[in-house]
Amino acid sequence: MAGETLITLQGNLTADPELRFTPSGHAVAQFTVASTPRTYDKSTNEWKDGDPLFMRCSAWRQLAENVAESLTRGHAVIVIGRLKQRSYEDKEGVKRTVMEVEAENVGPSLLRATARPEKTTGQRNTSQQPSSGYGAQQPSSGYGQQQPQQDPWATGQQQPQQRSYSDEPPF
């Protein structure tokens, strides 16, 4: 929509995303991203941290479910979304205004980590089994430390990769 303020935010999650569902069944995940600017001080030859920015973000529907399934506290993320201003009255009747980001896209930052994306079906995961979604932790491995399922170099012979093609875009 014209006139909206788009923002790209990078930082770390301050807590695990909170996943909830509206009465009509739409998923919404809320999370906070902390972003601290760093500048190099040539006079002292040191990096200096600036004042941190804590930005509240929300993601809706399938994006919300993917965020909650894939990311946890401390993960470095990149958020692209619309900057929104919202006013409300607190419990004491004081009018407050807050700035929030309504996320269009959220992903792990690959600057200091790795991730193995997996395409979702677009439907909610209702199984009781542990998730293996985008950036999800696997047993005995941490974020960015997942081991490959098959190592073609282990036997010295390269195994052929099976490829499938469809009319769907890669994303």
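For the structure given in this document, a descriptive report is provided here. (Residues numbered from 1 in each chain as written. Predicted model: local features only at pLDDT ≥ 70, side-chain atom pairs only at ≥ 80, totals over all residues. Heavy atoms only, no water.)

1. Re the overall build of the protein chain
- From N to C terminus, the protein chain includes one helix and eight strands.
- Taken from N to C terminus, the helices and strands of the protein chain fall in the order β-β-β-β-β-β-α-β-β.
- Within the protein chain, residue pairs in contact and separated by at least 24 positions form 59% of the contacts whose partners lie at least 6 positions apart.
- As presented, the protein chain carries roughly 13,200 Å² of accessible surface, and 48% of it is formed by carbon and sulfur atoms. (Helix = DSSP H or I, 4+ residues; strand = E, 2+ residues; numbered from the N terminus. Contact = heavy atoms within 4.5 Å. Areas by Shrake-Rupley, 256 points an atom, 1.4 Å probe, with all protein chains shown as cover.)

2. Section: the packing of aromatic side chains
- Applying the stated criterion across every chain, the model contains one aromatic pair.
- Plain terms: the ring middles of Tyr40 and Trp47 are 5.3 Å apart, the flat faces sit at 65 degrees to each other, and that makes the pair edge-to-face.
- According to the relative accessible area criterion, Tyr40 is partly exposed, its value standing at 41%.
- Classification of Trp47 by relative accessible area gives exposed; the value is 51%. (Phe/Tyr/Trp six-rings, centres within 6.5 Å; stacked < 30°, edge-to-face > 60°. Buried < 20%, exposed > 50% of the residue type's maximum accessible area, 1.4 Å probe, protein only.)

3. Describing the layout of surface pockets
- Counted as a void, the second largest pocket has a volume near 500 Å³.
- In terms of residue count, the dominant contributor to the lining of the second largest pocket is strand S1 (residues 6–13) (three residues).
- By residue class, the composition of the lining of the second largest pocket is seven nonpolar, six polar and two charged. (1 Å grid on protein atoms, 1.4 Å probe; cavity = no way out; pocket = protein on both sides within 12 Å on 5 of 7 lines; lining within 4 Å. Points joined across faces, edges and corners; volume = space filled by probe spheres on them. Nonpolar A, V, L, I, M, F, W, Y, C, P; charged D, E, K, R; others polar.)

4. A look at the nonpolar core
- One finds Phe31, Val33, Cys57, Ala59, Val67, Val79 and Val106 to be the most contacted residues of the largest nonpolar core, which totals 18 residues.
- Those elements giving two or more residues to this core turn out to be S1, strand S3 (27–35), strand S6 (53–60), helix H1 (61–70), strand S7 (76–89) and strand S8 (95–108).
- Those residues within four positions of Val79 in sequence are excluded, and the remaining contacts are Ile7, Thr8, Leu9, Phe31, Val33, Cys57, Val101, Ala103, Asn105 and Val106. (Core = buried A, V, L, I, M, F, W, Y, C linked by side-chain atoms within 4.5 Å.)

5. Quick notes on H1
- When we look at burial in H1, the residues that qualify are Leu63, Ala64, Glu65, Val67 and Ser70.
- In this structure, the buried residues of H1 make contact with strand S2 (18–21), S3, S6 and S8.

6. Points about the pairing of S7
- Relative to S7, S1 is paired through seven bridges, and the arrangement is antiparallel. Across the sheet, Asn12 pairs through a bridge with Ala76, a residue of S7.
- Relative to S8, S7 runs antiparallel, the two sharing 13 bridges. Considered in S8, the bridge of Arg86 is made with Val98. (Pairing = 2+ DSSP bridges.)

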